[in-house]
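# Fold and geometry: a report
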Amino acid sequence: MKNAAQAQSAPSQPAAQAGDAATDAVTSAAAITADPRWAALCARDPAAEGRFVYAVRSTGIYCRPGCPSRRPKPENVQFFADGTAAAAAGFRPCRRCRPEEAPLAQRQAAVVADLCRFIEAAETPPTLAQLAARAGLSPHHLHRLFQTHTGLTPGAYAKARRAERLRQNLAAGQGVTEAAYGAGYNASSRLYSEAGRVLGMTPGRFRQGGAAEEIRFAVAQTSLGALLAARSARGLCAILLGDDPLALVADLRARFPKARLIGSGPEEEGQTAGEADNGNFAAWVAQVVGLVEAPRLGLALPLDLQGTAFQRRVWQALQAIPPGETRSYTEIARDLGLPKAVRAVAAACAANPLAVAVPCHRVVRSDGNLAGYRWGLERKAALQQRERQQAENPAASAAPPRPRPGTKAAP
């Protein structure tokens, strides 16, 4: 009787083993969820790519941290340093995320790099359909992938490379026609229609180093110090800020070494009165000074922005930032679809030739602190403060202070 009672009160051996297994599963699940890699797995964090792989015991496969498959139960998960270790433990690679191959971003970058070389080597720009067929992707997917990795559409990239070859050919001394066809232009009419945008002047003038280009400039005083405004035949080509007017003129000379600089102000030797001073340009300068004093007013003048295709995209993004607001370099890179191009965005901001008109002063670090303003951090802080104050009191920007008399600067 006693033995029978003990048998009834004691759990069976299979039940005890099941209870131990359940306890082990709970312990295993707790250990997995406490592991930082579990959080990366749940978030499908792209930054975790290459740091580990995870295996699922119930399916016998291993995956990348960002695998789009359904999240496994934590008690079924096992982490490995890499795919080799997971395969050695008897797991096979997932067919969705293909962890045994190079990371997706790396494979995509290789595809885009191959397409870039294909575009550069082609005599005429290939069509989107041709590029898609080469990459084995749909045209829509290819277009989006290319723009994500380069910041440009395939067509824009082809035009930028053609313009670069044209500049190289002209600088090497080739004739305009030879340089145009060598760069991939199939008609001279297409070259001349794009010359102002890609060269900033006619091809013949570019071939001569811009020797015949005329740039009118003037130096004025503002509440932020000296200001130099310069205009080409296409619009404002430089707005420079500083303390020394002569240093600003030297900067302009360095930017346009072979152009003919015409200083605005009293008539100077070798210039006619019409060349020395121009009422229309004086009104432009007044508007630029007014922009510095009251940035919220904006600037209704044409801009002659010369830069690479990527730089122009960054400058357009800067012009879209409302007065009184700021963006970080990281935010701009992300908005351009190039989250890893933060340094390139900062470099484009530093290359901006039109202070305030292209408001690189509205770009800050990710922590909100000021950094990287070629015309001085004090001026950057002053411009931001001025815009915030005018945003709070719009009436204050209705009548900007009158500019002080300009400073004479020899051309």
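Summary of the structure given here. Keep in mind that this is a model prediction, so the values were computed, not measured. (Residues numbered from 1 in each chain as written. Predicted model: local features only at pLDDT ≥ 70, side-chain atom pairs only at ≥ 80, totals over all residues. Heavy atoms only, no water.)

Attention now moves to the overall build of the protein chain. Each helix and strand counted, the protein chain has 18 helices and 11 strands in total. Across the 411 residues of the protein chain, 39% fall into the buried class. Within the protein chain, counting contacts between residues at least 6 apart in sequence, those at least 24 apart form 59% of the total. Summed over all atoms, the accessible surface of the protein chain reaches about 21600 Å², with 53% contributed by carbon and sulfur. (Helix = DSSP H or I, 4+ residues; strand = E, 2+ residues; numbered from the N terminus. Buried < 20%, exposed > 50% of the residue type's maximum accessible area, 1.4 Å probe, protein only. Contact = heavy atoms within 4.5 Å. Areas by Shrake-Rupley, 256 points an atom, 1.4 Å probe, with all protein chains shown as cover.)

Counting through the fold element by element, Thr-127 comes out in the loop between helix 5 (104-121) and helix 6 (128-135). With a relative accessible area of 43%, Thr-127 lands in the partly exposed category. It is 8.6 Å that separates the C-alpha atoms of Thr-127 and Pro-154, two residues lying 27 residues apart in sequence.

Here we come to the sheet that holds strand 1 (residues 53-56). Taking strand neighbours across the sheet as the criterion, the 4 strands line up as 3-1-2-4 in an open arrangement whose pairing is mixed. Of all strands in the sheet, those with a lone pairing partner are strand 3 (77-80) and strand 4 (92-93), marking the two edges. Strand direction decides the pairing type here: strand 2 (residues 61-63) and strand 4, joined by 2 bridges, are parallel. What sits directly across from Ile-61, in strand 4, is Arg-92. (Pairing = 2+ DSSP bridges.)

Moving on, we come to the nonpolar core. Counting residues in each nonpolar core, the largest one holds 55 residues, and the members touching the most others are Leu-228, Leu-318 and Val-345. Mapped onto this core, the elements with two or more residues apiece are strand 5 (214-222), strand 6 (225-231), strand 7 (236-242), helix 12 (245-255), helix 14 (279-293), helix 15 (309-319), helix 16 (329-335) and helix 17 (342-350). Sorting elements by how many residues they give to this core places helix 14 first, with 7 residues. Apart from residues lying up to four places away in sequence, Leu-318 is in contact with Ile-332, Cys-349, Val-358, Pro-359, Cys-360 and Val-363. Counting residues in each nonpolar core, the second largest holds 15 residues, with Ala-40, Leu-41, Tyr-54 and Cys-67 among its members. (Core = buried A, V, L, I, M, F, W, Y, C linked by side-chain atoms within 4.5 Å.)

Before going further, it helps to examine the pairing of strand 6. Moving residue by residue along a regular strand, the side chains alternate between the two faces of the sheet. Counting buried residues in strand 6 gives 7 out of 7 residues, a clear majority hidden from the surface. Between strand 5 and strand 6, which pair antiparallel in sequence order, lie 2 residues. Between strand 6 and strand 7, which pair antiparallel and follow one another directly, the connecting turn spans 4 residues, one of which, Gly-235, has a positive phi of 150°.

Next up on the list: the state of the cysteines. Throughout the structure, instances matching the rule amount to 0 disulfides. Free cysteine Cys-63: the closest other cysteine sulfur is in Cys-94, separated by 4.0 Å. Residue Cys-94 stays outside any disulfide, its sulfur separated by 3.9 Å from that of Cys-97, the closest cysteine. (Disulfide = S-S within 2.5 Å.)

Vacant regions in the atomic arrangement are exposed by a probe of water-molecule size rolled over the atoms. Here the structure, examined in full by the defined rule, presents 2 cavities of 30 Å³ or more. Its boundaries defined by the atoms lining it, the second largest cavity holds a volume of some 30 Å³. Residues that form the lining of the second largest cavity fall into these classes: 5 nonpolar, 1 polar and 1 charged. (1 Å grid on protein atoms, 1.4 Å probe; cavity = no way out; pocket = protein on both sides within 12 Å on 5 of 7 lines; lining within 4 Å. Points joined across faces, edges and corners; volume = space filled by probe spheres on them. Nonpolar A, V, L, I, M, F, W, Y, C, P; charged D, E, K, R; others polar.)

Structurally, Arg-379 is set in helix 18 (residues 377-392). Here the side chain of Arg-379 touches Gly-242 through a polar contact of 3.0 Å, landing on its backbone oxygen. With near-sequence residues (within four places) excluded, Arg-379 lies in contact with Leu-224, Gly-225, Leu-241, Gly-242, Asp-243 and Tyr-373. (Polar contact = N/O pair within 3.5 Å; in protein donor to acceptor, adjacent residues only side chain to side chain.)

Our next topic: the pattern of salt bridges. Opposite charge on two side chains lets them pair, provided their charged atoms get close. Tallied over the full model, the rule gives 13 salt bridges. For Glu-101, the salt bridge identified is with Arg-98, shortest N-O distance 3.5 Å. Note on Glu-101: relative accessible area 32%, which makes it partly exposed. You can call Arg-98 partly exposed: its relative accessible area is 34%. Between Arg-107 and Glu-101 there is a salt bridge whose closest N-O contact spans 3.9 Å. For Arg-107, a relative accessible area of 23% translates into the label partly exposed. Three or more residues are tied together by salt bridges with common partners; here these are Arg-98, Glu-101 and Arg-107. (Salt bridge = Lys/Arg side-chain N within 4 Å of Asp/Glu carboxyl O.)

One non-glycine residue with positive phi stands out, namely Arg-44, at about 50°. Structurally, the position occupied by Arg-44 is in the loop between helix 3 (36-43) and strand 1. A relative accessible area of 36% places Arg-44 in the partly exposed class. A positive phi angle, close to 45°, is found at Arg-98, a residue other than glycine. As for its position among the elements, Arg-98 is in the loop between strand 4 and helix 5.

What follows deals with helix 12. All of the buried residues along helix 12 are Pro-245, Leu-248, Val-249 and Leu-252. Burial along helix 12 is one-sided: seen end-on, the buried residues are contained in an arc of 100°. Facing away from the buried side of helix 12, by more than 90 degrees, are the exposed residues Leu-246 and Ala-254. (Arc of directions from axis to C-beta.)

Further remarks concern the layout of surface pockets. The space that makes up the second largest pocket amounts to roughly 770 Å³. If you trace the second largest pocket, you find 27 residues lining it, with Pro-46, Leu-104, Ala-105, Gln-108 and Lys-340 closest to the centre. Secondary-structure elements contributing two or more residues to the lining of the second largest pocket are helix 5 and helix 7 (139-150). Tallied by class, the residues present in the lining of the second largest pocket amount to 13 nonpolar, 6 polar and 8 charged.

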